[in-house]
Amino acid sequence: MIYNVKGILTYVDPSFAVVECGGVGFKCFISTTTLKELPSGGKEVNLFTYLSVREDAMDLYGFKEVEELEAFKLLISVSGIGPKAAMAILSVLSPDKLSLAISSGDIKAISSAQGVGKKTAERVVLELKDKMVGIASSASASVIEGIQSVASSSNAQEAVEVLVTLGFNQSEASAVVGKMDKSLSSDEMVRKGLKELSANLK
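These figures come from a predicted structure and were not determined experimentally. (Residues numbered from 1 in each chain as written. Predicted model: local features only at pLDDT ≥ 70, side-chain atom pairs only at ≥ 80, totals over all residues. Heavy atoms only, no water.)

Some remarks on the overall build of the protein
And step 1. For the protein, the helix and strand inventory stands at ten helices and five strands.
And step 2. Classification of the 202 residues of the protein by burial places 45% in the buried group.
And step 3. Contacts in the protein between residues at least 24 apart in sequence constitute 52% of all its contacts with a sequence separation of at least 6.
And step 4. Accessible surface, the protein as shown: approximately 10600 Å² in total, 52% of it carbon and sulfur. (Helix = DSSP H or I, 4+ residues; strand = E, 2+ residues; numbered from the N terminus. Buried < 20%, exposed > 50% of the residue type's maximum accessible area, 1.4 Å probe, protein only. Contact = heavy atoms within 4.5 Å. Areas by Shrake-Rupley, 256 points an atom, 1.4 Å probe, with all protein chains shown as cover.)

Quick word on a negative patch on the surface
And step 1. On the surface, a cluster of negative charge is made up of Glu 158, Glu 161, Asp 187 and Glu 188.
And step 2. Mapped by element, the contributors of at least two residues to the negative patch are α8 (154-165) and α10 (186-201).
And step 3. Following the sequence through the fold, Glu 188 ends up in helix α10.
And step 4. Owing to a relative accessible area of 32%, Glu 188 belongs among the partly exposed residues under this scheme. (Patch = residues over 30% accessible without salt bridge, like charges linked within 9 Å, V, L, I, M, F, W, Y side chains within 5 Å. Salt bridge = Lys/Arg side-chain N within 4 Å of Asp/Glu carboxyl O. Lys, Arg positive; Asp, Glu negative; His and termini not counted. Charge placed at Lys NZ, Arg CZ, Asp CG, Glu CD.)

Overview of the side chain of Thr 49
And step 1. Within the element layout of this structure, Thr 49 appears in strand β4 (residues 44-53).
And step 2. Overall, Thr 49 belongs to the buried group, its relative accessible area being 5%.
And step 3. There is a polar contact of 2.5 Å between the side chain of Thr 49 and the backbone oxygen of Ile 2. (Polar contact = N/O pair within 3.5 Å; in protein donor to acceptor, adjacent residues only side chain to side chain.)

Side note on the packing of α8 against helix α9 (residues 170-178)
And step 1. Orientation of α8 relative to α9, taken along the N-to-C sense of each, is 140°, at an axis distance of 9 Å. Crossing geometry of α8 relative to α9 is assigned as right-handed. On α9, the residues touching Ala 156, Ala 159, Val 160, Leu 163 and Val 164 of α8 are Gln 170, Ala 173, Ser 174 and Val 177.
And step 2. Partitioned by chemical class, the residues of the contact of α8 with α9 number seven nonpolar, two polar and no charged. (Axes fitted to C-alpha atoms, helices over the stretch in contact; angles between N-to-C directions. Left-handed = near helix turned anticlockwise from the far one by under 90°. Nonpolar A, V, L, I, M, F, W, Y, C, P; charged D, E, K, R; others polar.)

Quick word on the packing of aromatic side chains
And step 1. Per the stated rule, a full pass over the model turns up seven aromatic pairs.
And step 2. Each member of the aromatic cluster is reached from another via a ring pair, and the members are Tyr 11, Phe 16, Phe 29, Tyr 50, Tyr 61, Phe 63 and Phe 72.
And step 3. Geometry around Phe 16 places Lys 27 over its ring, the cationic atom sitting 4.5 Å from the centre. (Phe/Tyr/Trp six-rings, centres within 6.5 Å; stacked < 30°, edge-to-face > 60°. Lys NZ or Arg CZ within 6 Å of the ring centre and 35° of its normal.)

Structure below.
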């Protein structure tokens, strides 16, 4: 119904922003991801929006990037995920990181969102595994393809498990191993993975 609102940013709260358009202030609930990208108050802003209509309320959700709006719509299509849970997930994971987490089955990353339990995170992975590539950036889409190829190699799967045991998250481990030659032994993959992941920490 309302695809976007464009106007002056008059108020910002950690959970919502007010955009004034034609003398009317629209309260848009936002994620931490969008909050970080907003300009300072008094400047013009454009938010892509989703209007949630319930019996007792009409809430407007705003997103700085259309990819985040698309991720939000996919999340609320999952049974048990409402707008608030979707915003909580998008506050800890950008659309690209969410795509990587879902593709690699990183339940821990998704369930780190406030109010999202392990079973709900598992349902997100199960129901969206084949749908998230469409909202990922081209760079992340190629990484996702690599992650998906991990499933076809027992050596790659073993290497990912070892890297996760060593303290790296599943998304990172799967992304690194997904880029490797699948003919390598699991030990070689672990060694290469450790080198790259440790370099990323510096």
